[in-house]
Amino acid sequence: MKRTFFEANMDTTPDSVVYSDLEGHYLKVSKSKAERWGLTRRQMIGKTDFDFMPEEEALEARKYSVQVIETGQPIECEQKVVRNGDVVWYSLSEVPLCDEEGTIIGTISTSRNITTRVLQEQKNLEMSKQILDMVKIVSHDLSSPLINISVIAKLIIRGNFGEINDEVAKATNDIYRRILKLRGDVLDYLHKFSNLSEGQEVEKEVVDLRKDVIDEVLEELDECIKDNNSIVDSMLGLIPVGAVVILSCKVQLKIVYRNLIMNALKYGGDGCIISFGFEDKVDKYFLNVFNNGPAILEEYEPLLFEPFTQGGNAQKGISLGLGLPTIRNMIRNLGGDLWYKTTSSQHPNFIFTVLKSDINKIQGV
């Protein structure tokens, strides 16, 4: 006798498939479902989950069936059960079983053993965590010596160890700039990896935005700004020392400012003017980094914060890589947000917010 597609599927599918009536009695079962319990399909007809499963597991399965019957909406989930001391994971789906008129007369349940997949995912996650921990340790250990080397290079350039000729000064200056870039890369890696774990809390400290962040970044990038013939506008005075004192992550804020300033130098063009803004609003500080270069074309603005959109989709001269998505995630992890807005004078302006903090409470006053 020729089998129907339905019969062939119920015979060969590796999944446990059960057609049940409104009370949970089995109407049809797949061959694999029956074999799982060492029975024939005929022997399982009319039975319920309570005839085979532990009561707690059967009650959970019945809860899903009742929900599907009452709402008419399918359910998909993953479930962990313990059998004979072993943890087993299942992928479950349950949909309404309807008659020809569309009336719900039961449910169709499908379950698949996904234990192997889940265990492999857990193994991969643990391995990734170990790799991230190793990268964080290496990045941290590299940061301090790079800072010391950059300071020594700067002192040599300034003649603190005696006069040097032009060739030595040029070579040392090149080394200094390379060290600064490497130092920035190390800090980037450190904090990118530090925040890869979802929900991981960022270490915070009391930060004076002008003194602890902006001034340090400007000093670090001083040679780059000079080489680009650029100017930091006097608007920086809008953020005097002590004006913005917050509980935040100093290193991450420096990464944000470093990234936005370097982008301004790169895309603002030779001799561009860079400005910083500051506005006090209720529970947030609104900050911005502006340059007088050309604005980003409107059609490319949605791509600015999309990772891996660099290349053909990017506006000529605009690199859309991981920098902006990364620093926006950092700002969001700190409780704020970051976005782009073209000014009325058609120049690029990046705005971001940071949460205010009760510094008196932080400092125990």
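To be clear, the structure that these remarks concern was listed above.
Residues numbered from 1 in each chain as written. Predicted model: local features only at pLDDT ≥ 70, side-chain atom pairs only at ≥ 80, totals over all residues. Heavy atoms only, no water.

## Some details on the packing of helix 7 (residues 209-220) against helix 9 (residues 250-268)
Note the following rule: Interaxial angles span 0 to 180 degrees and are taken between N-to-C directions of axes, which are lines fitted to C-alpha atoms, for helices over the stretch in contact. Under the scheme used here, helices are H or I runs from DSSP no shorter than 4 residues and strands are E runs no shorter than 2 residues, and both carry numbers assigned from the N terminus. By definition in this entry, angles of less than 35 degrees are roughly parallel, angles greater than 145 are roughly antiparallel, angles of 65 to 115 are roughly perpendicular, and the rest are oblique. Here a crossing is called left-handed whenever its near helix is offset anticlockwise from the far helix by less than a right angle, and right-handed whenever the offset is clockwise. Whether two residues touch is decided by their heavy atoms; if any such pair falls within 4.5 Å, the residues are in contact. Three residue categories are used. Nonpolar comprises Ala, Val, Leu, Ile, Met, Phe, Trp, Tyr, Cys and Pro, charged comprises Asp, Glu, Lys and Arg, and polar comprises the others, including Gly.
For the pair helix 7 and helix 9, the least separation of the axes is 9 Å and the interaxial angle reads 45°. By the criterion of interaxial angle, the relationship of helix 7 to helix 9 is oblique. As helix 7 packs across helix 9, the resulting crossing turns out to be right-handed. Residue-level contacts link Leu-209, Asp-212, Val-213, Ile-214, Glu-216, Val-217, Leu-218 and Glu-220 of helix 7 to Lys-250, Leu-253, Lys-254, Tyr-257, Arg-258 and Ile-261 of helix 9. Partitioning the contact of helix 7 with helix 9 into residue classes produces eight nonpolar, no polar and six charged.

## Side note on the packing of aromatic side chains
So the rule is basically this: Any Phe, Tyr or Trp ring, taking Trp's six-membered ring, that has another such ring centre within 6.5 Å forms a pair; planes under 30 degrees apart are called stacked, those over 60 apart edge-to-face, and the others tilted. Any residue under 20% of the maximum accessible area for its type is buried, any over 50% is exposed, and the rest in between are partly exposed; the area is computed with a 1.4 Å probe on protein chains only. Note on criteria: charge over ring means Lys NZ or Arg CZ within 6 Å of the ring centre, with the direction from the centre no more than 35 degrees off the ring normal.
Throughout the structure, instances matching the rule amount to eight aromatic pairs. Between Phe-6 and Tyr-19, the ring centres sit 5.5 Å apart and the planes meet at 90°, which makes this aromatic pair edge-to-face. Highlighted residues: Phe-6 in helix 1 (residues 5-12) and Tyr-19 in strand 1 (residues 16-21), separated in sequence by 13 residues. With relative accessibility at 31%, the residue Phe-6 sits in the partly exposed group. Here a set of aromatic residues connected by ring pairs shows up, and it is made of Tyr-26, Trp-37 and Phe-52. In this structure, Lys-281 is placed above the aromatic ring of Phe-286, and the distance from its NZ or CZ to the ring centre is 4.5 Å. The positively charged end of Lys-356 is found above the aromatic ring belonging to Tyr-285, 5.3 Å away from the centroid.

## Some words on the nonpolar core
The condition is simple: Each nonpolar core is a collection of buried residues, namely Ala, Val, Leu, Ile, Met, Phe, Trp, Tyr and Cys, held together in the definition by side-chain atoms within 4.5 Å.
Core analysis: the largest hydrophobic core is formed by 40 residues, its most contacted members being Leu-209, Leu-253, Tyr-257, Leu-260, Leu-338, Phe-350 and Phe-352. Those elements giving two or more residues to this core turn out to be helix 7, helix 9, strand 9 (273-281), strand 10 (284-291), helix 10 (323-333), strand 11 (338-340) and strand 12 (349-355). It is helix 9 that provides the largest number of residues to this core, a total of eight residues. In this structure, Ile-75, Val-81, Val-88 and Leu-92 belong to the second largest nonpolar core, which totals seven residues.

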